[in-house]
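Residue strings, one per chain:
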Amino acid sequence: MLKQEVINEMRVLPEIDAELEIQRRTQFIKNQLTDSGLTTLVLGISGGIDSCTLGRLAQLAVNELNEETNAAYRFIAVRLPYGVQADEQDAQASIDFIQPSVQMTANVKSAADAIHASAIEGLKAAGVDSFTDTHSDFVLGNAKARSRMAIQYDIAGLTQGLVLGTDHSAENITGFYTKFGDGACDLAPLFGLSKRQVRQLAQHMGAPEKVITKAPTADLESLTPQKSDEDSLGLTYDQIDDFLEGKSEDTVADDKLLAIYLKTQHKRVAIPTVYDSE
């Protein structure tokens, strides 16, 4: 049965012990960093609950490693606004909570705009100009996400680091991320958690209440700024989480979620080759 197969794939437990999950995932980050032979963790801090939670886990991992070893481990929290960010106060509240080893800002506007403008100019020169302003704005949103990840990998390259990804199971099942953008990373410590469980970890660690309770948004589209994830998906996170935790009795929502899962499966599998169909 597809529903149970997907639930099993997403690895979400019906209930969690927040303290145990914090310890478990902090240790996972420590193991991945030490096994890599590198000394730095890099993560973009957006002002949302996912990066707030993971940022604090990353700093806890670095703090523990520095107490246990003579090496100088560090976590770099990166602000990556596109111009001026509407919820900048939430991002700064997250930074204050995380207390990162290093904090920095790299504005992605010039990079994302240049990439998108080059693509449009080239297409128009080739006689292709059938896209609408709305679709163009959506594609620019993906350019923003890919520019952010490119900058994070540049920072990681310069500082001997690994790039963290905020993908959790409520995001993974919906494919609600940009392919090769925020979907690209070296490790994803939040996988196996539902959205409400990410909030549980944040609450347990003492994250700012406003960040915990705010409506999640990817905030990639300039024409519809701060558009909520739930409006984009047509599903609530409670519906998604109930499915993942094996508690859902809403067959309509379940069927819609499974349809989204199947449509976005290309984001969760390796790049196909000719040998996959043989």
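Residues numbered from 1 in each chain as written. Predicted model: local features only at pLDDT ≥ 70, side-chain atom pairs only at ≥ 80, totals over all residues. Heavy atoms only, no water.

- An unreviewed UniProt entry lists the protein under the name NH(3)-dependent NAD(+) synthetase, with Brumicola blandensis as the source organism.
- Regarding the protein, the UniProt comment filed under Sequence similarities (unreviewed entry) reads as follows: "Belongs to the NAD synthetase family." (UniProt positions renumbered as here; feature names shortened; annotations may be inferred.)

## Quick look at the UniProt feature "binding site: ATP" (unreviewed entry) in the protein
- On the UniProt side, "binding site: ATP" (unreviewed entry) is annotated at positions that read Gly-44, Ile-45, Ser-46, Gly-47, Gly-48, Ile-49, Asp-50, Ser-51, Thr-166, Lys-195 and Thr-217 here.
- Along the polypeptide, Ile-45 turns up in the loop between strand 1 (40-44) and helix 3 (49-68).
- When neighbours within four sequence positions are excluded, Ile-45 is seen to be in contact with Ser-51, Gly-55, Phe-75, Ala-77, Val-78, Arg-79, Ala-91, Ser-94, Ile-95 and Ile-98.
- Looking at the secondary structure, you find Ser-51 in helix 3.
- For Ser-51, a relative accessible area of 4% corresponds to the buried category.
- Discounting residues that sit within four places of it in the chain, Ser-51 has contacts with Leu-43, Gly-44, Ile-45, Ser-46, Ile-98 and Thr-166.
- A polar contact of 3.1 Å, which involves the side chain of Ser-51, links it to the backbone nitrogen of Ser-46. (Helix = DSSP H or I, 4+ residues; strand = E, 2+ residues; numbered from the N terminus. Contact = heavy atoms within 4.5 Å. Buried < 20%, exposed > 50% of the residue type's maximum accessible area, 1.4 Å probe, protein only. Polar contact = N/O pair within 3.5 Å; in protein donor to acceptor, adjacent residues only side chain to side chain.)

## Things to note about helix 12 (residues 251-263)
- In this model helix 12 runs 18 Å from its N-terminal to its C-terminal C-alpha over 13 residues, within 8% of the 18 Å that 1.5 Å per residue would give.
- Considered for burial, the residues of helix 12 that qualify are Ala-253, Asp-254, Leu-257, Leu-258, Ile-260 and Tyr-261. The buried side chains of helix 12 occupy one side of the element, clustering within an arc of 160° when seen end-on. For helix 12, the exposed residues lying more than 90 degrees away from the buried face are Thr-251, Val-252, Asp-255, Leu-262 and Lys-263.
- Turning to helix 12, the residues buried within the fold contact helix 1 (2-10), helix 10 (229-233) and helix 11 (237-244).
- Sitting at the head of helix 12, Asp-250 places a side-chain oxygen 3.2 Å from the backbone nitrogen of Val-252. (Expected span 1.5 Å × (residues − 1). Arc of directions from axis to C-beta.)

## Notes on the pairing of strand 1
- Of all five residues that make up strand 1, five are buried, and the element is covered over most of its length.
- Across the two faces of strand 1 the burial is the same, with Thr-40, Val-42 and Gly-44 and Leu-41 and Leu-43 all buried.
- The parallel pair strand 1 and strand 2 (residues 74-79), bridged by helix 3, forms a crossover whose chirality is right-handed. (Right-handed = clockwise from strand over helix to strand, strands pointing away.)

## Regarding the layout of surface pockets
- In this structure, the second largest pocket encloses a volume near 340 Å³.
- Surrounding the second largest pocket, 19 residues form its lining, Tyr-177, Gly-183, Lys-267, Arg-268 and Val-269 being those nearest its centre.
- Split into classes, the residues belonging to the lining of the second largest pocket amount to ten nonpolar, three polar and six charged. (1 Å grid on protein atoms, 1.4 Å probe; cavity = no way out; pocket = protein on both sides within 12 Å on 5 of 7 lines; lining within 4 Å. Points joined across faces, edges and corners; volume = space filled by probe spheres on them. Nonpolar A, V, L, I, M, F, W, Y, C, P; charged D, E, K, R; others polar.)

## Details of the sheet that holds strand 3 (residues 102-105)
- Pairing is parallel across the open sheet formed by four strands, whose spatial order is 3-2-1-4. In this open sheet, the two edge strands, each paired with only one partner strand, are strand 3 and strand 4 (161-163). Taking the axes of each pair of neighbouring strands and ignoring which way they run, one obtains an average angle of 25° across the sheet.
- One ladder, built from four bridges, connects strand 2 with strand 3; its direction is parallel. Bridge pairing links Arg-79 to Thr-105 in strand 3.
- Seen against the sheet, helix 3 touches strand 1 and strand 2 and runs at an angle of roughly 170° to strand 1. (Pairing = 2+ DSSP bridges. Axes fitted to C-alpha atoms, helices over the stretch in contact; angles between N-to-C directions.)

## Here we look at the nonpolar core
- Ranked by internal contacts, the top residues of the largest apolar core, which has 34 residues, are Ile-29, Leu-41, Ile-45, Leu-54, Leu-57, Phe-75 and Leu-164.
- In terms of residues, this core owes the most to one element, helix 3, which gives eight residues. (Core = buried A, V, L, I, M, F, W, Y, C linked by side-chain atoms within 4.5 Å.)

## Some words on the pattern of salt bridges
- As enumerated under the stated definition, the model contains 16 salt bridges in all.
- A salt bridge links Lys-195 to Asp-50; the shortest N-O distance between them is 3.0 Å. Separated by 145 residues along the polypeptide, Lys-195 in helix 8 (residues 195-205) and Asp-50 in helix 3 bring together distant segments of the chain.
- Under the relative-accessibility criterion, Lys-195 is labelled buried at 2%.
- Between Asp-113 and Lys-109 there is a salt bridge, and its shortest N-O distance comes to 2.8 Å. With Asp-113 and Lys-109 both in helix 5 (residues 109-125), this residue pair falls four residues apart, about one helical turn.
- The partly exposed category is assigned to Asp-113, whose relative accessible area is 24%.
- Residue class for Lys-109 comes out partly exposed when judged on its relative accessible area of 35%. (Salt bridge = Lys/Arg side-chain N within 4 Å of Asp/Glu carboxyl O.)

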